[in-house]
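Below are the chains, spelled out letter by letter.
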Number of protein chains: 2
Amino acid sequence: MDINELDTPCAVLDLFRMDRNIKRMQEHMEELGVKFRPHAKTSKCVEVVNAQIAAGARGITVSTVKEAEAFFAAGITDILYAVCISAAKLPRILALRRRGCNVKVIVDSVPAARAVCDFGRRHNERFDVWIEVDTDGHRSGIPPAGGELLEVGRLLHGQGARVGGVLTHAGSSYELHTPEKLAGLAERERAGCVLSATRLREAGIPCEHVSVGSTPTAFAAGSLEGVTEVRAGVYVFFDLVMKNVGVCSVDDIALSVMTTVIGHQKDKGWIMVDAGWMAMSRDRGTAGQTLDYGYGLPCLPDGTPLHGFAVIGANQEHGIISRVATDAKSSTADVDIEAEFPLGCRLRILPNHACATGAQHDVLYAIDANAGVTPWQRFRGW
Amino acid sequence: MDINELDTPCAVLDLFRMDRNIKRMQEHMEELGVKFRPHAKTSKCVEVVNAQIAAGARGITVSTVKEAEAFFAAGITDILYAVCISAAKLPRILALRRRGCNVKVIVDSVPAARAVCDFGRRHNERFDVWIEVDTDGHRSGIPPAGGELLEVGRLLHGQGARVGGVLTHAGSSYELHTPEKLAGLAERERAGCVLSATRLREAGIPCEHVSVGSTPTAFAAGSLEGVTEVRAGVYVFFDLVMKNVGVCSVDDIALSVMTTVIGHQKDKGWIMVDAGWMAMSRDRGTAGQTLDYGYGLPCLPDGTPLHGFAVIGANQEHGIISRVATDAKSSTADVDIEAEFPLGCRLRILPNHACATGAQHDVLYAIDANAGVTPWQRFRGW
């Protein structure tokens, strides 16, 4: 299989970059003395997750019950389902546990904790429940300092569940882009999560795991004292949002979409390609950042970025590539777009958000150091 | 199968609304005296397309070769692949034609026309080629009035292809929201496409079909003199973007995402649900419109809209529903969100963009008039 013979659009995965990203994160975690539990939602691909585990990851994080089922089927047993559980999903969780999967669920409220305990009692199952705490106000979680944390902890501990740990996710880190602010948020994430664990323990509630993480805060953390594990997802592929946050360079981005030039609107300077939002996703994560890449940064087929160009528009199966004059590293002089990028020529587009772009594809075409291409299956759904 | 027992998130299709939408468009087309060729990219679902054909549609439009292959396998032979063809895709088009599929391709440049003719000559195939013209400057197409149109027409006609017609797509209609402007654009779309056909015919180049369309201009058109067929896609499901454009009401939207409440952030007035951007898509098409619905408009499980609420934020598997105070039809007084929308309760979210939201799902759960639920498969990929 030759990369230049793949039908376009298609998702291409640069294994050299991916392996370097995995190694970089794992080494950083080992320096900080914590376990690393990658978030499998980014890839939904067994081969990718196996590479993370081979590098030293301990267990995985998932965002859907289907991910838990698929990765358990692939032999992974230590799984944290990191979206607050609803009662309707407990039968599938129970089925996984009965088959030997050590899947953990999370709650962030008294009603949710009660629902897990009630279901566990009815089915004679001691669920492993982690409590989500909120350290940056961006999504779910209980305040680390209030009374609700202990109420939830006592309810779980007293009614037959195992309080396995506390976790938090400083997702607002995606909105930052300076080392100082990222380090500050990483410390806030750590401190809030450790405080939660300490308060539970002082109240006599066991709390073995203290789990923090997001890709930006994982890299920004200087100390993780009191933390037992870190979670991160998008670091495995990286993307333009992470480049703008400042935790990777364009040359670290392992995922791209191969596309073909299907036309030109010369008067407007537009190169039309067959990667629209169906191939790139509708994610416009760089829109509010320091450098807006539209729907992605085009590169030559060998991966050389076309700095100064962007996918400025997308319909379902059409992308519009054009020059944008905002990048200091711009390498483009005036070019004759029809001569430089003729009909049928191929380009590779780096994505804003690797989780969203990857999800548009059933296959990742993995390219190894010898330019060998192997199709790796992704799955989706719930 | 009971709608209230479906795992969430999942896509739900209201067949009463869908059938009404199909009927409305088909009747409008018959009043205008044109054939209707629905765009199958919206549903990628054989059952939906069969309903469109049963109502009177003549042939379909597709956005990928895979759609052509899938719908041909389902028995549909009159297929217009409405994205400019690249040479690398011609072998699959040829294979379809050799199996009896009357699939038509489009071009909008001399190099593309030449590539089709060259390939056709090598494989002894007379391709049916339509020429895309640009009537609103938003994407692809040749100007109707310039010399390139005749150059492309002569090349195709002289080098072994059949010039089957001209087509245009006034996609910029999505940016409008007044009847006057929509009618004006519909007339511009019609006039430009008819002009193109007339010029080709006067130059001795046959041009049987004159094909226009987008959902907004299809409804806005007062006369379609000289047009032979109309294409439209999203009308079959409708969505909040189309509601804002003014061509449907909220009560016409047939596609929704069923979700479950998984938590609350009471201080902020947030209802957390298990439909994030993976279920809704990243499409924020209403962001620049007269009323911004965030990632969608929540409804009760029976479909009653919660006017005054919106999905104000989305992570991969988390949605945040909150009150927004912008809708004149707001029906919400101050509510206790934990009491009104308790943990585990279900909501249905109407999407910004039905094409994008539908594409996030492998199954549409079709609900008939008796609340019977049938899973309809969608496909994806290229």
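Structure's up top.
First, a word on scope: everything that follows refers to the structure included in this document. What you see is a predicted model; the values in this text were computed from it and never measured.

## Some points on the sheet that holds strand 8 (residues 209-212) of chain A
All names here are of chain A.
Then, in step 1: Taken together, the eight strands give an open sheet; going across it, the order is 2-9-8-7-6-5-4-3, and neighbouring strands pair in parallel fashion. Both edges of this open sheet fall to strand 2 (35-38) and strand 3 (60-62), since each of them pairs with a single strand only. Neighbour-to-neighbour, the strand axes of this sheet turn through a mean angle of 30°, independent of strand direction.
Then, in step 2: Where strand 8 and strand 9 (residues 229-232) come together, two bridges link them in parallel fashion. Each residue of the ladder has a partner; that of Val212, found in strand 9, is Val230.

## Considering the pairing of strand 13 (residues 309-314) of chain B
All names here are of chain B.
Then, in step 1: Where burial is concerned, most of strand 13 is hidden: five out of the six residues are buried.
Then, in step 2: Judged from the five bridges that link them, strand 13 and strand 14 (residues 319-323) form a sheet pairing that is antiparallel. Each bridged residue has a counterpart across the sheet, and for Phe309 the counterpart in strand 14 is Arg323.
Then, in step 3: Hairpin remark: strand 13 followed by strand 14, antiparallel, with four residues in the connecting loop.

## What about helix 5 (residues 110-122) of chain A?
Residues and elements named next belong to chain A.
Then, in step 1: Between its terminal C-alpha atoms helix 5 stretches 18 Å, which fits the 18 Å expected from 13 residues at 1.5 Å a residue.
Then, in step 2: Within helix 5, the full set of buried residues consists of Val110, Ala112, Ala113, Val116, Cys117, Phe119 and Gly120.
Then, in step 3: Buried-residue contacts for helix 5 involve helix 4 (90-98), strand 5 (102-107), strand 6 (128-132) and helix 6 (147-158).
Then, in step 4: Two or three places before Ala112, at the start of helix 5, stands the capping residue Ser109, its side-chain oxygen 3.2 Å from that residue's backbone nitrogen.
Then, in step 5: Once helix 5 ends, the next one or two residues include Asn124, with phi positive near 55°.

Procedures and definitions
- Residues numbered from 1 in each chain as written.
- Chains lettered and ligands numbered in written order.
- Predicted model: local features only at pLDDT ≥ 70, side-chain atom pairs only at ≥ 80, totals over all residues.
- Heavy atoms only, no water.
- Pairing = 2+ DSSP bridges.
- Helix = DSSP H or I, 4+ residues; strand = E, 2+ residues; numbered from the N terminus.
- Axes fitted to C-alpha atoms, helices over the stretch in contact; angles between N-to-C directions.
- Buried < 20%, exposed > 50% of the residue type's maximum accessible area, 1.4 Å probe, protein only.
- Expected span 1.5 Å × (residues − 1).
- Contact = heavy atoms within 4.5 Å.
- Polar contact = N/O pair within 3.5 Å; in protein donor to acceptor, adjacent residues only side chain to side chain.

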